[in-house]
Amino acid sequence: MKNKITKDDILSCAVELIRDDIEVSARNIAKRLGCSTQPIYSLFKNMAELEKELHFYIYKIHKIYIAKYADKSGIAEYKAYGMGFVKFAQMERQLFSRLYVKKPFYKKYLEEDAYFIEVVKTIQNEYGISHRQALQFHLDMAIYSYGLAAMQLAGSDMSDEEISQRLTAQFTALRKLYLEEEKK
């Protein structure tokens, strides 16, 4: 009896190829799985569909890093997002690059961040600022977090404590700026 190859097997294999800096192709996936390309094309109508599902599969891995920090006591949910983002860049360089470096970050972030609207509303409600300012606040924090993540990609090895301190300092500065601006 043959082992049945699943979508998850194919996507997991594709992730391993990315981690190993090997091109994601039907041929490379089949070779790594020890099968022909037939199971791949029977589960995905083409490579574009596989790539689209792979993107969301990698995004789920990214969310694991966010959840890791969200589960730690004493770390605010908003900060957990930034910590998870930067640590994902540090620990999963190839996957981070695939999600956030290969295409323009700003446009991609606005289109694909599943928590974007929820986070903006949280900032708006928690600090009593307008939707426009909460949106700008979050984008400013995201850009700063992206900079820290880029440093991790370049080989910086910041500790969790240092990342946390830097995110807190930026958050505090932005909060002061936006709260004062709102009072004007």
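Owing to the predicted nature of the structure, the values given are computational and were not obtained by experimental measurement.

**Digging into the overall build of the chain**
Point 1. Scanning the chain from terminus to terminus reveals ten helices and zero strands.
Point 2. In the chain, the succession of helices and strands from N to C terminus is α-α-α-α-α-α-α-α-α-α.
Point 3. Per-residue burial for the chain yields a buried fraction of 40% across its 184 residues.
Point 4. Once local pairs closer than 6 in sequence are excluded, the contacts in the chain between residues at least 24 apart make up 63%.
Point 5. Accessible surface, the chain as shown: approximately 10,700 Å² in total, 53% of it carbon and sulfur.

**Concerning the pattern of salt bridges**
Point 1. Inspection of the entire model under this criterion finds seven salt bridges.
Point 2. R19 serves as the salt-bridge partner of E16, at 2.6 Å between the closest nitrogen and oxygen. Taken together, the positions of E16 and R19, both in helix α1 (residues 7–19) and three residues apart, correspond to about one turn of that helix.
Point 3. A residue is classified by how much of its surface remains accessible, and E16, at 32% relative accessible area, is partly exposed.

**A look at the packing of aromatic side chains**
Point 1. By the definition in use, this model includes nine aromatic pairs.
Point 2. An angle of 40° between the planes, with centres 6.4 Å apart, marks the rings of F85 and Y146 as tilted. Linking F85 in helix α5 (residues 77–91) with Y146 in helix α9 (residues 131–153), this pair joins segments that are 61 residues apart in sequence.
Point 3. A centroid spacing of 5.4 Å and a plane angle of 85° characterise the contact between F137 and F171, whose relative ring orientation is edge-to-face.

**Looking at the nonpolar core**
Point 1. Counting 32 residues, the largest nonpolar core has V24, I29, I40, L50, L54, I58 and F88 as the members making the most contacts within it.
Point 2. At the level of secondary structure, the elements contributing two or more residues to this core comprise α1, α2 (26–33), α4 (47–70), α5 and α6 (93–101).
Point 3. For this core, the element with the highest residue contribution is α4, accounting for nine residues.
Point 4. In this structure, I40 is in contact with I10, A26, I29, A30 and L50, ignoring residues within four places of it in sequence.
Point 5. Of all hydrophobic cores here, the second largest spans 20 residues; its members include V120, L148, I163 and Y178.

**Structural notes on the environment of I163**
Point 1. The topology assignment puts I163 in helix α10 (residues 160–183).
Point 2. A relative accessible area of 0% places I163 in the buried class.
Point 3. For I163 and L148, which are 15 residues apart along the polypeptide, the C-alpha to C-alpha distance reads 7.8 Å.
Point 4. Apart from residues no more than four positions distant in its own chain, I163 is found in contact with M83, V86, K87, Q152 and M158.

**Quick notes on the confidence of the model for the chain**
Point 1. For the chain, per-residue confidence averages 87 on the pLDDT scale, and residues scoring 70 or more make up 89% of the total.
Point 2. Averaged over each element, pLDDT in the chain is lowest for helix α7 (residues 105–112) (57) and highest for α1 (98).

**Quick look at the packing of α4 against α6**
Point 1. At a minimum axis distance of 10 Å, the contact between α4 and α6 shows a crossing angle of 120°. Two packed elements cross with a definite hand, and for α4 against α6 that hand is left-handed. In this structure, α4 contributes E51, L54, H55, I58, Y59, I61 and H62 to the contact, and α6 contributes L95, R98, L99 and Y100.
Point 2. Looking at side-chain class alone, the contact of α4 with α6 contains seven nonpolar, two polar and two charged residues.

Cut-offs applied
- Residues numbered from 1 in each chain as written.
- Predicted model: local features only at pLDDT ≥ 70, side-chain atom pairs only at ≥ 80, totals over all residues.
- Heavy atoms only, no water.
- Helix = DSSP H or I, 4+ residues; strand = E, 2+ residues; numbered from the N terminus.
- Buried < 20%, exposed > 50% of the residue type's maximum accessible area, 1.4 Å probe, protein only.
- Contact = heavy atoms within 4.5 Å.
- Areas by Shrake-Rupley, 256 points an atom, 1.4 Å probe, with all protein chains shown as cover.
- Salt bridge = Lys/Arg side-chain N within 4 Å of Asp/Glu carboxyl O.
- Phe/Tyr/Trp six-rings, centres within 6.5 Å; stacked < 30°, edge-to-face > 60°.
- Core = buried A, V, L, I, M, F, W, Y, C linked by side-chain atoms within 4.5 Å.
- pLDDT = per-residue confidence, 0-100.
- Axes fitted to C-alpha atoms, helices over the stretch in contact; angles between N-to-C directions.
- Left-handed = near helix turned anticlockwise from the far one by under 90°.
- Nonpolar A, V, L, I, M, F, W, Y, C, P; charged D, E, K, R; others polar.

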